[in-house]
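# Report on the structure
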Amino acid sequence: MKNDFLGRSLTVMNDLTVEEQLFLYNQTKRLKAKWANKEDLTEFQIKNQTGIYIVFLESSTRTKESFINASKFHKNAKINIFESEHSSFNKNESYIDTFNMLTGYSDYSIFIIRSKLEGTCKLLDEKVSEFASRHNLPHPSFINAGDGKHEHPTQEILDEFTFLEQMDFSNEYIHIALIGDLLHGRTVHSKVEGLKIFKNVEVDLIAPEELQMPKHYISKMKQKGYNVRIFSSIEEYLKQGKKANIWYFTRLQLERMGEDILEKEHILRKSVTFTKEFLPLISENVKFYHPLPRHKTYPTIPTFLDPLPLNGWEKQAINGYWTRIILLSMFGGALTAPFDTSRKNVEINEEDFIIPAPIKDGKKGLLSEGKRGIKPIENGTVIDHIAKGQKSEKIYETIMKIRKILKFYNIDSADGIFRSADGRLKGYISLPDVHLSKKEIKKLSAISPNTTVNIIEGGRVKEKYRISLPPIIYGFEELRCKNENCITNPQNNENVQVSFIRNEENELICEYCETPHTFEEIWRF
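Structure report, in brief. (Residues numbered from 1 in each chain as written. Predicted model: local features only at pLDDT ≥ 70, side-chain atom pairs only at ≥ 80, totals over all residues. Heavy atoms only, no water.)

### Some points on helix α14 (residues 438-447)
By the criterion of burial, α14 is predominantly enclosed, with seven of the 10 residues buried. Three or more residues of α14 are buried, namely I441, K442, K443, L444, S445, A446 and I447. Each element contacted by the buried residues of α14 is listed here: β10 (354-356), β11 (380-386), α13 (392-405), β14 (451-457), β15 (460-467) and β16 (472-473). (Buried < 20%, exposed > 50% of the residue type's maximum accessible area, 1.4 Å probe, protein only. Helix = DSSP H or I, 4+ residues; strand = E, 2+ residues; numbered from the N terminus. Contact = heavy atoms within 4.5 Å.)

In structure tokens, the structure reads:
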């Protein structure tokens, strides 16, 4: 059983279990108490020769400086700081090659990375760990300090610790209002997983429609049992009865917005900015939080609130130093846990999309279809039920997509659109003397799920399969993530293939940036 956190990474909040998060928060509580009492703090300091690499490929002040100072707490660590404007990373050099090289320079390596490219830490954790295994090196740790509009798990950690402090470290219940730019705000996206440390969760989402939380995050909250309510403005929220005692504000991230949204900037700001006339409408036990920094001209939490008791954001910011010390303590091996800290790999049955189907006695080469214009074949494959129930244009488009991606265009074959026994239209491709490999069947299932594959031998159906959307899709050069800021996007020059995981709602989630896709959206054609 493994009890240390060496080689563990924090690329997204879900990399830490609830038990591991609570361990981190309890250790932070202990550290702060010992510091306040002027007690010895060496038990929290990294003892081995660890290289801490602070790599900010996107400009930052508060997060970077808090990590620099947290790293200095660990006196044995070797600290290396890469400035984004001067770093060799801006010379189109491969991220993977660079971090592979750096991994060999210390007994243990911890990389703290901020990047505009979403999924950067996930990719590096995967690829550099493979490099370390090939050369019998200790696995490095990667900490995501923010990637695009995806996640910011280290901010989430300091937020959750601060919420616990407010509630005397009870994790029985939380009622929180998330306010501001919920569309682009990576700190609120991390809360989908971060809030699961609480046994009962109520979340109020306050933002105009243009800046509201993405639907897939709302869906994940509901799946976790959170009670979610949606409001378009602070004014609307204050008119109803039940209000949260924790208000979490975010700034409007104008740099990530299109012209259509920027035209409404004034209206959008007003809907999520707290004003003096709102003060009498909130209770005394409310605390306001903000990841900081605020916009100096248009802060969603105006500065007139700074001296008031509802100011929780200043203590929140300070907690970033303490929680990041502990995170480094854990990944640097200084702290061990009284439970198993091994990486928990999720087992996926990659074959659960192929279901054998019964064969009707005497069915010969799909003769019933041949009567409608396609000659039965002696040997080969017949793909049936393509885009069943769709309009003829959609069915034809799917047939052409199958032919193009599976490269059937040079094969002597036939296709058509027919009406099934239940009256719905369906597509059909007949492929004489062609036998699909398992990889081709998997590709077909991701192009056109709910299709039937018939294997024909001696003029009869020998095998028949119904295929659905696979649980994981990878290894096909034609795949693409639609998110332009994903690390897998070809224009980002990392030469990595995207892969997708099917969720409970039959969406395909990019493994790196976690953008949801329909099966039609994952192909380049």
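Moving on from the model shown.
### Some details on the pairing of strand β6 (residues 200-206)
With six of seven residues buried, β6 lies mostly within the body of the structure. Direction of pairing for strand β5 (residues 173-179) relative to β6: parallel, over a ladder of seven bridges. When the bridges of β6 are listed, I174 appears paired with V201. This β-α-β element, β5 to helix α6 (residues 186-194) to β6, shows right-handed connectivity. Following the chain from β6 across helix α7 (residues 215-223) to the adjacent parallel strand β7 (residues 227-231), one finds a crossover that is right-handed. (Pairing = 2+ DSSP bridges. Right-handed = clockwise from strand over helix to strand, strands pointing away.)

### Here's the deal with the nonpolar core
Membership of the largest hydrophobic core comes to 84 residues, with the highest contact counts inside it found for I112, L178, W247 and F288. Sorting elements by how many residues they give to this core places helix α11 (residues 313-331) first, with eight residues. Among residues more than four places away in sequence, those in contact with L178 are V188, K191, V203, D204, L205, I206, M213, M221 and Y248. Among the nonpolar cores identified, the runner-up in size contains 52 residues, and L102, I402, L406 and L479 belong to it. (Core = buried A, V, L, I, M, F, W, Y, C linked by side-chain atoms within 4.5 Å.)

### Side note on the packing of aromatic side chains
Applying the stated criterion across every chain yields a total of 22 aromatic pairs. Summarising the aromatic geometry, the rings of F163 and Y248 are spaced 6.3 Å apart at their centres and angled 85° between planes, so their arrangement reads as edge-to-face. Of the two residues, F163 sits in helix α5 (residues 153-166) while Y248 sits in strand β8 (residues 246-249), which places them 85 residues apart along the sequence. F163 gets classed as buried once you look at its relative accessible area, which sits at 0%. Using a relative accessible area of 0% as the deciding quantity, one classes Y248 as buried. Joined through ring pairs, the aromatic side chains of F231, Y237, W247, F249, F274, F278 and F288 make up one cluster. Above the plane of the ring of Y248 lies K191, whose end atom (NZ or CZ) is 3.9 Å from the centre. (Phe/Tyr/Trp six-rings, centres within 6.5 Å; stacked < 30°, edge-to-face > 60°. Lys NZ or Arg CZ within 6 Å of the ring centre and 35° of its normal.)

### What to know about the sheet that holds β7
One open sheet holds the five strands; their spatial order is β7-β6-β5-β8-β9, and the pairing between them is parallel. Each end of this open sheet is capped by a strand with a single partner; those strands are β7 and β9 (287-289). Each strand axis lies, on average, 20° off the axis of its neighbour in the sheet, ignoring direction. Alignment of β6 against β7, held across five bridges, turns out to be parallel. Within the sheet, the bridge partner assigned to L205 lies in β7 and is I230. Across the sheet, α7 is in contact with β5, β6 and β7; its angle to β7 comes to roughly 145°. (Axes fitted to C-alpha atoms, helices over the stretch in contact; angles between N-to-C directions.)

### Thoughts on the sheet that holds strand β18 (residues 508-510)
Here we have four strands laid out as an open sheet, ordered β16-β17-β18-β19, and antiparallel in their pairing. For this open sheet the edge positions go to β16 and β19 (516-517), each flanked by a neighbour on one side alone. Here β16 runs beside strand β17 (residues 500-502); their pairing, made up of two bridges, is antiparallel. Bridged to I472 within β17 is I501.

### Regarding the pairing of β5
Taken across its seven residues, β5 has six buried, putting it largely inside the fold. Both β5 and β8 contribute to a ladder of four bridges, which runs parallel. Residue pairing for β8: A177 is matched across the bridge by W247.

From the geometry alone we can't say anything about function, so treat these as descriptive.
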